[in-house]
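Observations on the model geometry
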Amino acid sequence: MQNHFDVVVIGGGPAGLSAALVLGRSRRSVLVVDSGEPRNAPAAGAHNYLGREGVAPRELHRIGRQEVAAYGVEVTDGRIVAASATPTDGPDAVAFSVTLDSGALVTARRLVVASGAVDVLPDVPGLAEQWGRGVVHCPFCHGWEVRDQRIGVLVTTPNGAHHALMFRALSDRVTVFVGEPELLDATARAGLTARGVTVRDERVAHVESDEGRLTGVRLGSGEVVALDALAAASAVEPRVEHLDGLGLEVSDFLVGDVRFGGMLAVDGVGQTSVRGVYAAGNVTTPTATVIASAAAGTQTGAAVHGDLVQADLAAALAAVSAGQPTR
Ligand SMILES: Cc1cc2nc3c(=O)[nH]c(=O)nc-3n(C[C@H](O)[C@H](O)[C@H](O)COP(=O)(O)OP(=O)(O)OC[C@H]3O[C@@H](n4cnc5c(N)ncnc54)[C@H](O)[C@@H]3O)c2cc1C
C-alpha cells in the first residue's frame, strides 16, 4: 500500500464508497479504510435502494468495493485509530495523517469521514439480541416485512405515539407499551385510541425469543404478551471516537425538543468545522437511508474533487509566478 493519497476515506459503507467512486473516476488517488461493521449489518436486507431493492448489506459493500476498484481506488480492511491535521504554507493549507490499527501511517490532502453511526438501544434485556430482526426501528426499512402482524411499540420518548402511528399504517394489530405514562399526553392517547392502537401503561421487562425468533415481551407484572415484532427507537451517535485529534464539531441530533444522539456538523456539501475534512452519510445525518447516504457521498466526493482542483490551480499559478515549470 502506498502511504500518500489525495484522499483517505474513513469507512467503506454506502457513503464512503460513493465518495470514493466519484473521486476515483476523477483520477484522484484514494484509499478507503473500512472496518466492515455497517450500521444495518444485523438486517437481512437493505430496502428502498432502487435497483438493488432488498440487497444484503454486506453484499452491497462487496459490489461497491468491486466498482471502486475498477477506477483505481484502494480499499483496505482495517480501522482508523487516530487522525491529525497539520497546517501548511502550500496551496493545500493543511496536511492530514491517519493511523490504522495495523500501525500503518498514511498521509492525505483531504479526509472524508464516512464512518457511520452507532445505535444506542433501550436498556431492555433481550432487546439487543433481536435488533434489526425481531426488534425494528424504521417503518420504511422493515415495515413491509411486518405488515399485518402483531406489532408492539416500545415508547421511550414523547415521539413514541408518532412511531406507533407509522406502524399502525402497516398493521391493525399494534400495541403500545409505556413504562413512563407521562411520555404520552392526553392528545397522543386519544389519537392512538382513535386509530385502534391498544395502549398498555406497563414497563417491558424482557424481550422474549425462541430459537432466535422474537415471540413477545414480558411485562413488569410478569405477564407475557405474544408479538411478532417490536418497534423501538434508538439514540444514534456518530462514530468519531477515532477523530479526537481533529477537534471536529459534533452537534445534537434533535427530533423536536428530544435529543436522539449526535452528528458531525457539516455545510451543504459535507465540509466539517475543520477545513479539508469532509463527512457524509449517517455520521452527519442519522436519518439518512442507504440511498440517501450514497447520494451524500457522491455529492461530498464531488466537492472534495472541486476543492483539490482549486488547490492544484493555486499550486500551478504559484509555480508560474516563481518561474518554475508546471504540470
Ligand atoms: C437495523 C437497521 C436496519 C436498517 N435497514 C435499512 C434499510 O432497509 N434501508 C435503508 O435505506 N437504510 C436502512 N438502515 C439505515 C442504514 O444502515 C444507513 O442508512 C447506512 O448504513 C448509512 O451508510 P453509511 O455509509 O453512512 O454508514 P455505514 O453503512 O454504517 O458504514 C460505515 C462504515 O464505516 C466503518 N467504520 C466505522 N468506523 C471506522 C474507523 N474508525 N475506521 C475505518 N472504518 C470505520 C464501518 O465499519 C462501516 O463499514 C438500517 C439501519 C439499521 C440500524
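For the structure, see preceding data.
Reference entry: report on the structure contained in this document.

So, how was this worked out
Residues numbered from 1 in each chain as written. Predicted model: local features only at pLDDT ≥ 70, side-chain atom pairs only at ≥ 80, totals over all residues. Heavy atoms only, no water. Pairing = 2+ DSSP bridges. Helix = DSSP H or I, 4+ residues; strand = E, 2+ residues; numbered from the N terminus. Axes fitted to C-alpha atoms, helices over the stretch in contact; angles between N-to-C directions. Polar contact = N/O pair within 3.5 Å; in protein donor to acceptor, adjacent residues only side chain to side chain. Contact = heavy atoms within 4.5 Å. Near = heavy atom within 4 Å. Areas by Shrake-Rupley, 256 points an atom, 1.4 Å probe, with all protein chains shown as cover. Nonpolar A, V, L, I, M, F, W, Y, C, P; charged D, E, K, R; others polar. Expected span 1.5 Å × (residues − 1). Buried < 20%, exposed > 50% of the residue type's maximum accessible area, 1.4 Å probe, protein only.

1. Overview of the sheet that holds strand 12 (residues 204-210)
- Across the sheet, 3 strands lie side by side as 12-13-14; this open sheet has antiparallel pairing. At either end of the open sheet lies a strand with only one pairing partner, and these are strand 12 and strand 14 (224-226). Going across the sheet, the axis of each strand differs from the next one's by a mean of 30°, ignoring polarity.
- Pairing between strand 12 and strand 13 (residues 213-219): 6 bridges, direction antiparallel. The residue bridging Glu208 from the neighbouring strand is Gly216, located in strand 13.

2. What about the side chain of Ser115?
- Checked against the element boundaries, Ser115 lands in the loop between strand 6 (105-113) and strand 7 (117-120).
- A distance of 2.7 Å separates a polar side-chain atom of Ser115 from the backbone oxygen of Arg239.
- With residues up to four places along the chain from it excluded, the contact list for Ser115 reads Ile10, Gly11, Arg239, His242 and Val283.

3. Things to note about the site of the ligand
- As a matter of local geometry, the ligand sits amid 39 residues, with Asp34, Ser35, Glu37, His47 and Ala288 nearest to it.
- Between Arg39 and the ligand, the recorded distance is 2.9 Å, taken from a backbone N or O atom to an oxygen atom.
- One of the backbone N or O atoms of Ile80 is found 2.9 Å from a nitrogen atom in the ligand.
- Compared with its free state, where it exposes 990 Å², the ligand has 99% of that area covered by protein.
- Across the shell around the ligand, the residue classes tally to 13 nonpolar, 20 polar and 6 charged.

4. Observations regarding the pairing of strand 13
- Between the antiparallel neighbours strand 12 and strand 13 lie 2 residues, among them Glu211 with a positive phi of about 50°.
- Adjacent in sequence and paired antiparallel, strand 13 and strand 14 are bridged by 4 residues, among which Gly222 carries a positive phi angle near 100°.

5. Things to note about the sheet that holds strand 9 (residues 151-155)
- Reading across the sheet, the 5 strands line up as 8-15-9-10-11 and stay open at both edges, with parallel pairing between neighbours. Of all strands in the sheet, those with a lone pairing partner are strand 8 (135-136) and strand 11 (198-200), marking the two edges.
- Direction of pairing for strand 10 (residues 174-178) relative to strand 11: parallel, over a ladder of 3 bridges. Looking at the pairing, Val176 lines up with Val199 of strand 11.
- Sheet strands touched by helix 5 (residues 160-168): strand 8, strand 9, strand 10 and strand 15 (229-232). Its angle to strand 9, the strand with the most contacts, is close to 165°.

6. Focus: helix 7 (residues 290-321)
- Taking 1.5 Å of rise per residue, 32 residues should cover 46 Å, and helix 7 covers 47 Å from first to last C-alpha, within 8% of that figure.
- The complete set of buried residues in helix 7 reads Val290, Ser293, Ala294, Gly297, Thr300, Gly301, Ala303, Val304, Asp307, Leu308, Ala311 and Ala319.
- On its buried face, helix 7 sits against strand 1 (4-10), helix 1 (14-25), helix 2 (57-69), strand 6 and strand 19 (277-279).
- Taken from the residues just after helix 7, Gly323 is the one with a positive phi, measuring 75°.

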